[in-house]
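Structural characterization, general
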Amino acid sequence: MPVVPATPEAIRHAAEALARGDIVAFPTETVYGLGANALDARAVAKVFAAKERPRFNPLIVHVPGLGEAEKYAVVTDTARMLAQAFWPGPLSLVLKKRPASGIVDLVSAGLETIALRAPAHPVAQALLATVQLPIAAPSANRSGRISPTTAAHVEAELDDRPAMILDGGRCPLGIESTVVAVLGDAPALLRPGALAREAIELVLGAPLAAAAANHRGASPGQLETHYAPSTPLRLGAVSVAPDEALLAFGGDVPAGARATINLSASGNLEEAAARLFAALRDLDRSGATAIAVMPIPAHGLGEAINDRLQRAANQR
Ligand code: TXA
Ligand code: MG
């Protein structure tokens, strides 16, 4: 059983495992990550193997903060402004990779750019401080499935493939980081996530650009159908059938579903994001013929929630 509570001793062991080229799952404030030393090609290859990724999507590299980011990437003034505003936190910045960064090509799938993030979770920060290496980590799920927000989810996805699964409890934000490319031209939103677009645009003083076609090509994660439970999703539901499960939102919930989970009875989008993936997993096990999903507002974290639901619904 590779799941261990994230005590200081366990974190030290996890750092040793990473340093010798093993892969380790750890909590972040967004979702659990499956980490490898980003300077070690064989370790990074183990991540792709464990996830059964059909192709080599570029991975996010986790660093303690801006100082370390500067070692691996060219941090422009705009990128620095965003990092100072939101790091540590749920924002990944796609930047130009430094040629002498030492980050192995497999991490960025051969691209000349790199996605960097300083996670805020105390366990992730302690692990990074102990290991003193950049940690490449995608979400700790098998390819095409929902991101894990508890250690038990990671174990269900990956079993004993990671050398260790550090248990730091439930991820407080529960949805992946927002990915923004800052490559000289206008900053572009590549993936909506746990940091709302509005907060970023307030700091920039300008709207984020849409992901350009070349960025989307460079960010295969954007094209993938993803985050899928095996039960089909029915979006925009205003009523529910007795053989359906209901993913509800808000105070006015139709009765009669086989199972119901309300993402937020008070209509709070942060609370809804934090519960989304665990709720999908639970409803997927309810034996329903479909998961009916009530409409969710598009603003704030609603953009990321609707993005993930849309991908899950497109899966089939
Ligand atoms: O919250 C998160 O971001 C979690 C935790 C563990 O940090 N990680 C995560 O990683 O969600 P992953 O691999 O599941 O998603 C990484 C996303 C993908 O959409 C990928 O295509 C994009 O980041 N990405 C990574 N490097 C990129 C690059 N150089 N250019 C464009 N997109 C990139
Ligand atoms: Mg993922």
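Everything here concerns the structure above.
What follows deals with the environment of Ala124. Take Ala124: it is sitting in helix H5 (residues 122-131). On a C-alpha basis, the gap between Ala124 and Pro64 in space is 8.7 Å, while along the polypeptide they are 60 residues apart. Sequence-distant contacts of Ala124, that is, excluding residues within four places in its chain, are made with Phe26, Pro27 and Pro119.

Cis geometry is found at the peptide bond from Trp87 to Pro88, where omega equals -10°. Mapping Pro88 onto the fold places it in the loop between helix H4 (77-86) and strand S6 (91-97). Positive phi, normally seen in glycine, also occurs at Ala109, with a value near 50°. With respect to the helices and strands, Ala109 occurs in the loop between S6 and strand S7 (113-117). Not every positive phi belongs to a glycine, and Asp159 is a case in point at roughly 50°. Along the chain, the position of Asp159 falls in the loop between helix H6 (151-158) and strand S9 (164-167).

It is worth spelling out the sheet that holds strand S13 (residues 233-234) at this point. Within the open sheet, the four strands sit side by side as S13-S16-S14-S15. Their pairing is parallel. Edge strands, defined here as strands with exactly one partner in the open sheet, are S13 and strand S15 (259-262). Strands in contact with helix H9 (residues 269-284) are S13, strand S14 (244-248), S15 and strand S16 (290-293); relative to S14, the strand with the most contacts, it is inclined by about 170°.

Let us look at the site of ligand 1. What surrounds ligand 1 is a group of 26 residues, the closest being Thr30, His62, Thr113, Ser177 and Arg191. Contact between ligand 1 and Ser139: an oxygen atom at 3.0 Å from a side-chain N or O atom of the residue. Taken by itself ligand 1 offers 690 Å² of open surface, and the protein chains cover 98% of this. When residues of the shell around ligand 1 are traced back to their parent elements, those giving at least two are strand S4 (60-62), S7 and strand S11 (188-191). Of all the elements, S7 adds the most residues to the shell around ligand 1, at four residues. The residue inventory of the shell around ligand 1, partitioned by class, reads 14 nonpolar, eight polar and four charged.

Quick look at helix H2 (residues 41-51) now. All of the buried residues along H2 are Ala43, Val44, Val47, Phe48, Ala50 and Lys51. Buried residues of H2 fall within an arc of 165° about the axis and therefore sit on the same side. Facing away from the buried side of H2, by more than 90 degrees, are the exposed residues Arg42 and Ala49. Sitting at the head of H2, Asp40 places a side-chain oxygen 3.1 Å from the backbone nitrogen of Arg42. Glu52 lies just past H2 and shows a positive phi near 55°.

Our next topic: the packing of H4 against helix H7 (residues 197-204). Remark: H4 packs on H7, axes separated minimally by 10 Å, with the N-to-C direction vectors making an angle of 125°. Judged on the interaxial angle alone, H7 and H4 are oblique. For the crossing formed where H4 meets H7, the hand is right-handed. Taken together, the residues of H7 that come into contact with H4 (itself represented by Thr78, Met81, Leu82, Ala85 and Phe86) are Ala199, Ile200, Val203 and Leu204. Looking at the contact of H4 with H7 residue by residue, the class counts come to eight nonpolar, one polar and no charged.

Attention shifts here to the pattern of salt bridges. Scanning all chains against the criterion turns up 17 salt bridges. Measuring nitrogen to oxygen at the nearest pair gives 3.4 Å for the salt bridge that ties Glu70 to Arg80. One end of the pair, Glu70, is in helix H3 (residues 66-72); the other, Arg80, is in helix H4, and ten residues separate them in sequence. Classification of Glu70 as partly exposed rests on a relative accessible area of 26%. With relative accessibility at 25%, the residue Arg80 sits in the partly exposed group. Of the charged contacts in the structure, one is a salt bridge between Asp282 and Arg285, with a shortest N-O distance of 2.8 Å. Note on Asp282: relative accessible area 37%, which makes it partly exposed.

Criteria and cut-off values
Residues numbered from 1 in each chain as written. Chains lettered and ligands numbered in written order. Predicted model: local features only at pLDDT ≥ 70, side-chain atom pairs only at ≥ 80, totals over all residues. Heavy atoms only, no water. Helix = DSSP H or I, 4+ residues; strand = E, 2+ residues; numbered from the N terminus. Contact = heavy atoms within 4.5 Å. Pairing = 2+ DSSP bridges. Axes fitted to C-alpha atoms, helices over the stretch in contact; angles between N-to-C directions. Near = heavy atom within 4 Å. Polar contact = N/O pair within 3.5 Å; in protein donor to acceptor, adjacent residues only side chain to side chain. Areas by Shrake-Rupley, 256 points an atom, 1.4 Å probe, with all protein chains shown as cover. Nonpolar A, V, L, I, M, F, W, Y, C, P; charged D, E, K, R; others polar. Buried < 20%, exposed > 50% of the residue type's maximum accessible area, 1.4 Å probe, protein only. Arc of directions from axis to C-beta. Parallel < 35°, antiparallel > 145°, perpendicular 65-115°, else oblique. Left-handed = near helix turned anticlockwise from the far one by under 90°. Salt bridge = Lys/Arg side-chain N within 4 Å of Asp/Glu carboxyl O.

Shape is all these values report; function is a separate question.
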